[in-house]
Amino acid sequence: MERLVIEGNHRLTGDVTPAGNKNAALPLLAATLLTDGEVTLHNIPRIGDVGTMLQLLAELGVAIRDEGSTLRLCAKAARFGAPRPELFQQVRGGMLLAGPMLGRFGHAVIPLPGGDRIGRRRVDTHLLALEALGAQVEFNHYNFTMRAAGLTGADILLDEASVTGTENTIMAAVLAHGTTVIRNAASEPHVQDLCALLNCLGARISGVGSNTLTIEGAEKLGGGEFTISPDYLEVGSFLGLGAVTPGEIRIHGVVPEHMRMINFVFRERLGVRMQMQGDVLTVADEQDLRIREDIDGAVPKIDDAPWPQFPADLMSIALVVATQAKGTVLIHDKMFESRLYFVDKLIDMGAKIILCDPHRAVIVGPAGLRGQELSSPDIRAGMALLIAALAAQGTSTIANVGQIDRGYQQIDQKLAALGAHIQRVKT
């Protein structure tokens, strides 16, 4: 076990570049099962979840050549197998193997997925869509067993705009017989990356970036090469960090269209001063954070919603920034009923927060934060606590940092390069 020791309230200045999009890397890795050709993926984030997915693929017979941020994968010798449950418990994205395994083998055994404990994370959307394509699904409280003599295209309305549900359906449909239409599809940048990779390999997917995807089933897919887009959630995390610490932070390699709603919320709701020039986002020094009230003087709200609205994975970061802004704001996480439970740790640090219910919290700022003994409950809350520790007076320690490592590549090294006083120590 490792923990991070952070001495807060130091000036952070300099340049940082995000890793590749974690939420794109996992489905793209899973998609390599669909072809016998070699697939080369660039800008792979070397994080815990990617390592777990690579173990799962290797045990299915996928050959992997590791070249750092570039991976070369070939599933020509892949064979059907039941993934180890202990690996599935480490990563939510393991569920993304269902669609490719059905498309490749006509059979999939999927243990219950793990990942962040942020509330109920239903998989019904995946199962209903795969059944619509012709799969038979059985569940015995430990595994999902799926079989299909052959998948057939269908007109599918997803019961929710689930990102991973959309991705599983896409991967199952690209080799299905006939045409599949996916309505109410998720359209996040990582879904777009998956479609772009599959089209590069020979799939025929149209409507990419919209909530209606049309997929003409292909006979087979070939090899190809693809570069994963930068992780806009990591960009948003460093944006939040720059807002609550002294110094100017410049974030490079940003895709501006991925940041429009994120920048809007941080700038217009929380008063963060920033500038976008080309692919560089600069978070200004000497911030004067102020909550912007609604026109009628009502308490404003920050809430999450499917793309292109504000992403659920940045709600924890926005909440920490709100503790340092003058005024009152309501944070409303609609998706997960346990994501906000980490606020008790911020309250211990001195934040003024009222947790109204599992989905809503009222934050009154600014509040001076002080160092505390902390533990990371999940990826995003862990990063939010790390940001709070860097803004606080005194020293904090964060245990269970493996949770943060699941989503952020070499985060302590990146922060140290900006001037953070941070050490990783063994416990």
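Since this is a predicted model, take the numbers as computed values, not measurements.

On to the confidence of the model for the protein. Interpretation of this model should avoid reading the predicted coordinates in detail wherever pLDDT is low. Mean pLDDT over the protein stands at 93; residues scoring 70 or higher make up 97%. pLDDT under 50 marks residues 115–120. Its contacts with residues more than four places away, or in other chains, come to 22 contacts.

What follows concerns the packing of aromatic side chains. Scanning the entire structure with this criterion turns up four aromatic pairs. Measuring from centroid to centroid gives 6.2 Å for phenylalanine 80 and phenylalanine 105, while their planes differ by 75°, and the two rings are edge-to-face. Of this pair, phenylalanine 80 sits in the loop between strand E5 (70–74) and helix H3 (85–88) while phenylalanine 105 is found in helix H4 (residues 98–105), placing the two residues 25 residues apart along the sequence. Here phenylalanine 105 falls in the partly exposed class, since its relative accessible area comes to 23%. Between tyrosine 232 and tryptophan 307, the aromatic rings sit 5.7 Å apart at their centres with planes inclined by 65°, giving edge-to-face as the arrangement. A residue pair is termed long-range when its members are at least 10 positions apart, and tyrosine 232 in helix H8 (residues 232–244) and tryptophan 307 in the loop between strand E17 (301–303) and helix H10 (315–323) qualify at 75 residues. Assigned by exposure class, tyrosine 232 and tryptophan 307 land together as buried.

By the definition in use, this model includes 28 salt bridges. A salt bridge links arginine 46 to aspartate 66, with the shortest nitrogen-to-oxygen separation between them at 2.8 Å. Residue arginine 46 is located in the loop between strand E3 (38–42) and helix H2 (48–59), and its partner aspartate 66 is located in strand E4 (residues 63–67); the two are separated by 20 residues in the primary sequence. The partly exposed category is assigned to arginine 46, whose relative accessible area is 31%. For arginine 84, the salt bridge goes to glutamate 59, with nearest N and O atoms at 2.5 Å. Of the two residues, arginine 84 is situated in the loop between E5 and H3 and glutamate 59 in helix H2; the sequence distance between them amounts to 25 residues.

Within strand E6 (residues 107–111), five of the five residues are buried, which leaves the element mostly enclosed by the surrounding structure. Burial of E6 is two-sided: the residues His107, Val109 and Pro111 facing one way and the residues Ala108 and Ile110 facing the other way are all buried. Pairing between E6 and strand E8 (residues 143–147): five bridges, direction antiparallel. Looking across to E8, one finds that valine 109 is bridged to threonine 145.

Side chains that are nonpolar tend, in soluble globular proteins, to be buried together. In this structure, Phe266, Val272, Leu346 and Leu386 are the most contacted members of the largest nonpolar core, which totals 72 residues. Sort the elements by how many residues they give to this core and helix H12 (residues 379–391) lands first, with eleven residues. Other than its neighbours up to four places away in sequence, leucine 386 contacts Leu4, Ile6, Ile398, Ile411, Leu415 and Ile422.

The strand order across the open sheet formed by three strands is E6-E8-E7, and the pairing between neighbours is antiparallel. Looking at strand neighbours, the two that pair on one side only are E6 and strand E7 (136–139), the edges of this open sheet. Strand-to-strand, the axes of this sheet are offset by a mean angle of 15°, without reference to chain direction. H4 contacts E6 and E8 of the sheet and is inclined by roughly 155° relative to E6.

Another aspect to go through is the packing of H4 against helix H6 (residues 163–173). In contact at an axis separation of 7 Å, H4 and H6 are set at 10° when each is read in the N-to-C sense. Comparing their axes, H6 and H4 come out roughly parallel. Between H4 and H6, the residues in contact are Ala98, Gly99 and Pro100 and Asn168, Met171 and Ala172, respectively. Of the residues in the contact of H4 with H6, the class split is four nonpolar, two polar and no charged.

Strand pairing in a sheet relies on backbone hydrogen bonds, with the paired strands running either antiparallel or parallel. A sheet is described by the order of its strands in space; here four strands give the open sequence E4-E5-E3-E13, paired in mixed fashion. Of all the strands in the sheet, just E4 and strand E13 (224–227) have a single pairing partner and so form its edges. Within the sheet, the average angular offset between the axes of one strand and its neighbour, ignoring direction, is 15°. Both E4 and E5 contribute to a ladder of five bridges, which runs antiparallel. In the strand pairing of E5, aspartate 66 is matched with leucine 71.

Each value, and the rule that gives it
Residues numbered from 1 in each chain as written. Predicted model: local features only at pLDDT ≥ 70, side-chain atom pairs only at ≥ 80, totals over all residues. Heavy atoms only, no water. pLDDT = per-residue confidence, 0-100. Contact = heavy atoms within 4.5 Å. Phe/Tyr/Trp six-rings, centres within 6.5 Å; stacked < 30°, edge-to-face > 60°. Helix = DSSP H or I, 4+ residues; strand = E, 2+ residues; numbered from the N terminus. Buried < 20%, exposed > 50% of the residue type's maximum accessible area, 1.4 Å probe, protein only. Salt bridge = Lys/Arg side-chain N within 4 Å of Asp/Glu carboxyl O. Pairing = 2+ DSSP bridges. Core = buried A, V, L, I, M, F, W, Y, C linked by side-chain atoms within 4.5 Å. Axes fitted to C-alpha atoms, helices over the stretch in contact; angles between N-to-C directions. Parallel < 35°, antiparallel > 145°, perpendicular 65-115°, else oblique. Nonpolar A, V, L, I, M, F, W, Y, C, P; charged D, E, K, R; others polar.

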